Amino acid sequence: MPKVTIVGAGNVGATAAHALALKDIADVVLIDVVEGLPQGKALDMMQMRSVEMFTSKITGTNDYADTANSDVVVITAGIARKPGMTREDLLDVNAGIMKSVITQALEASPNAIFICVTNPLDVMVYLAYKMSGLPKNRIMGMGGVLDSSRLSAAVCEKLSCDPTDVEAWAVGAHGEGMVCWPRFTTVKDTPITDLLEPEEVDEVVAACIGGGAKVVSLLKTGSAYYAPGASIAKMVEAILTDSGEVMSVCALLTGEYGEDGLFMNVPVRLGAKGMEEIVEFDLNDEEKAALHASAESVRAGLAGL
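Student: Could you give an account of the nonpolar core, with specific residues and numbers?
Tutor: By size, the foremost hydrophobic cluster in this structure holds 86 residues, and its most contacted members are Phe114, Ile115 and Trp181. Those residues within four positions of Trp181 in sequence are excluded, and the remaining contacts are Trp169, Val171, Tyr257, Pro267, Phe281, Leu283, Glu287 and Leu291. If you look at the next biggest cluster of nonpolar residues, it comprises 17 residues, including Cys161, Ala168, Val205 and Cys208.

Encoded structure:
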């Protein structure tokens, strides 16, 4: 069975491990610097095997030796966003954590595909890319899948539709600079721009962009983890099953969409090689301008790095 390492046994990492266990497609190693934390959560998940009837194994550890030869490594380690904090506020602390993690994880699993989740995402995955020397197909960020799921949720709430009928696209920077594509967001293949009034489309977009911050404000002591954990599992599943599914992924742009040298969420085909293709949608001038403006916000974050 394939092997997936999740670095960080906090809410996001543990929820991702749980979601993967239920998919029963890989053994999962949960690693954290806190002694007992990953071991306890892994044991708890193993004790539900006979309830959910999965065969994959979940292991908790504090030693990167136990993560050796992983097929996929997911990095969730870092401090979570607190009320009033922007993702950029996390930069100083999480950059130090990312440098330590990517070095140790890559040494243990030199052939793995890496998915970064730590915020501020666009900057952290760029840092991991530079630190690791990995080819662009083997390192990416999870942000667009989550943002698109929030857009889908807002569409479902507005139109009382089934999520299986919705294809939603949120791209660009992961954070307040994200871009939604209403023209490509559909319900049973019909664009929401044909189903909603312009002001209603604006409401749906605003709900998506503010979705993460709303969770933070309601929780008061943490940030989202159910939707992020499920989004991680969706990406890992696409890679391990070589599905070729196209989803919004934080990938290195090398000329696509007129941008170069930065990581940003765009439509990506995922498969056994990781990021197999960046899929370019036919954007109008307004959509292009919005994406370029989002790219500038990423560059501003990189300047801070």
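Student: Tell me about helix 8 (residues 198-209), and name the residues and values.
Tutor: Between its first and last C-alpha atoms helix 8 spans 17 Å; for twelve residues at 1.5 Å apiece the expected length is 16 Å, and the two agree. What helix 8 keeps buried is the set Val201, Val204, Val205 and Cys208. Angularly, the buried residues of helix 8 cover 95° about the axis, an arc narrow enough to put them on a single face. The inward-facing, buried residues of helix 8 contact helix 6 (144-159), strand 8 (170-172), strand 9 (178-180), helix 7 (192-195) and helix 9 (211-219).

Student: Tell me about the packing of aromatic side chains, and please be specific about residues and values.
Tutor: We describe a pair of aromatic rings using the distance from one ring centre to the other and the angle between the two ring planes. Under the defined criterion, the tally for this structure stands at seven aromatic pairs. A centroid spacing of 6.1 Å and a plane angle of 45° characterise the contact between Trp181 and Tyr257, whose relative ring orientation is tilted. Of the two residues, Trp181 sits in the loop between strand 9 and strand 10 (186-187) while Tyr257 sits in the loop between strand 12 (246-254) and strand 13 (260-271), which places them 76 residues apart along the sequence. By relative accessible area, which is 1% here, Trp181 ends up buried. For the ring pair Trp181 and Phe281, a centre distance of 5.3 Å and an interplane angle of 35° mean the geometry is tilted. Residue Trp181 is found in the loop between strand 9 and strand 10, and its partner Phe281 is found in the loop between strand 14 (274-278) and helix 11 (285-304); the two are separated by 100 residues along the sequence.

Student: Quick one: what's the story with the side chain of Glu259, residue by residue and with numbers?
Tutor: Inspection of the secondary structure puts Glu259 in the loop between strand 12 and strand 13. Judged by its relative accessible area of 5%, Glu259 falls in the buried class. Within the structure, the side chain of Glu259 is placed 2.6 Å from the side chain of Arg299, a separation counted as a polar contact. Setting aside residues up to four positions removed in sequence, Glu259 forms contacts with Leu253, Thr254, Met264, His292, Ala295 and Arg299.

Calculation criteria
Residues numbered from 1 in each chain as written. Predicted model: local features only at pLDDT ≥ 70, side-chain atom pairs only at ≥ 80, totals over all residues. Heavy atoms only, no water. Core = buried A, V, L, I, M, F, W, Y, C linked by side-chain atoms within 4.5 Å. Buried < 20%, exposed > 50% of the residue type's maximum accessible area, 1.4 Å probe, protein only. Contact = heavy atoms within 4.5 Å. Helix = DSSP H or I, 4+ residues; strand = E, 2+ residues; numbered from the N terminus. Expected span 1.5 Å × (residues − 1). Arc of directions from axis to C-beta. Phe/Tyr/Trp six-rings, centres within 6.5 Å; stacked < 30°, edge-to-face > 60°. Polar contact = N/O pair within 3.5 Å; in protein donor to acceptor, adjacent residues only side chain to side chain.

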